[in-house]
Amino acid sequence: QVSLVESGGGLVQAGDSLRLSCAASGQSVSLYAMGWFRQVPGNEREFVAAIIRSDISTMYADSVKGRFTISTDNAKNTVYLQMNSLEPEDTAVYYCAADTIIRQPRRTWTDYRYWGQGTQVTVSS
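Residues numbered from 1 in each chain as written. Predicted model: local features only at pLDDT ≥ 70, side-chain atom pairs only at ≥ 80, totals over all residues. Heavy atoms only, no water.

## Focus on the environment of valine 64
Tracing the backbone shows valine 64 in the loop between β6 (58–60) and β7 (68–73). Each C-alpha atom, one on valine 64 and one on tryptophan 115, is 21 Å from the other, the two residues being 51 residues apart in sequence. With residues near it in sequence (within four places) discarded, valine 64 still touches Arg38 and Val48. (Helix = DSSP H or I, 4+ residues; strand = E, 2+ residues; numbered from the N terminus. Contact = heavy atoms within 4.5 Å.)

Below, the structure is given as structure tokens:
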């Protein structure tokens, strides 16, 4: 079994930065793909970024490209999401996701088997 725990959310002003962390435990050594999604109440879960731990290939949503950076510290079994130039539209609950099968970054949330509990990010204007 795999456990994912997010941290780093909070309330910031537009233009500020935040770094989210996702720590994996359990059978984390078998995780290949990890990603970040976000969700606003009443909306579908939205892809933000994904990374493959073995070759560090990445994928980003167009809405965050150039502002957000996903990275991984495999020794710590932790994935990060550095968020710069935050906008009020980035306000959402951010979820960490992981999978042991997929080998390329995926933007579809149903492709990921494991999920964290989410962390709230609120950006005020």
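## A short note on the nonpolar core
In this structure, Leu4, Met34, Trp36, Leu81, Met83 and Tyr94 are the most contacted members of the largest nonpolar core, which totals 37 residues. Those elements that provide at least two residues to this core are β1 (2–7), β3 (18–26), β4 (33–39), β5 (46–52), β7, β8 (78–83), β9 (92–99) and β11 (119–124). (Core = buried A, V, L, I, M, F, W, Y, C linked by side-chain atoms within 4.5 Å. Buried < 20%, exposed > 50% of the residue type's maximum accessible area, 1.4 Å probe, protein only.)

## A word on the state of the cysteines
If you walk through the whole model with that rule in mind, you get 1 disulfide. With a sulfur-sulfur separation of 2.0 Å, cysteine 22 is cross-linked through a disulfide to cysteine 96. Across the S-S bond of cysteine 22 and cysteine 96 the torsion is about -75 degrees, and the bridge reads as left-handed. On the criterion of sequence distance, the pair formed by cysteine 22 in strand β3 and cysteine 96 in strand β9 is long-range, its members being 74 residues apart. Summarising the burial analysis for this pair, cysteine 22 and cysteine 96 share the class buried. (Disulfide = S-S within 2.5 Å.)

## What about the pattern of salt bridges?
Within this structure, the stated rule accounts for 6 salt bridges. In this structure, arginine 38 engages aspartate 90 in a salt bridge whose closest nitrogen and oxygen atoms are separated by 2.9 Å. Of this pair, arginine 38 sits in strand β4 while aspartate 90 sits in the loop between β8 and β9, and the two are 52 residues apart along the sequence. Each member of the pair arginine 38 and aspartate 90 is classed as buried. With a shortest N-O distance of 3.9 Å, arginine 67 and glutamate 87 are connected by a salt bridge. Of this pair, arginine 67 sits in the loop between β6 and β7 while glutamate 87 sits in the loop between β8 and β9; the two residues are 20 residues apart in sequence, bridging distant segments of the chain. Since its relative accessible area comes to 12%, arginine 67 is described here as buried. Overall, the relative accessible area of 33% leaves glutamate 87 in the partly exposed class. Through salt bridges that share partners, Arg38, Glu46, Arg67, Glu87 and Asp90 make up one connected network. (Salt bridge = Lys/Arg side-chain N within 4 Å of Asp/Glu carboxyl O.)

## Describing the sheet that holds β3
Within the open sheet, the 4 strands sit side by side as β1-β3-β8-β7. Their pairing is antiparallel. The open sheet is flanked by β1 and β7, the only strands paired with a single partner. Across the sheet, the mean angle from the axis of one strand to that of its neighbour is 15 degrees, orientation sign disregarded. Judged from the 6 bridges that link them, β1 and β3 form a sheet pairing that is antiparallel. Paired with serine 3 across the strands is serine 25, a residue of β3. (Pairing = 2+ DSSP bridges. Axes fitted to C-alpha atoms, helices over the stretch in contact; angles between N-to-C directions.)

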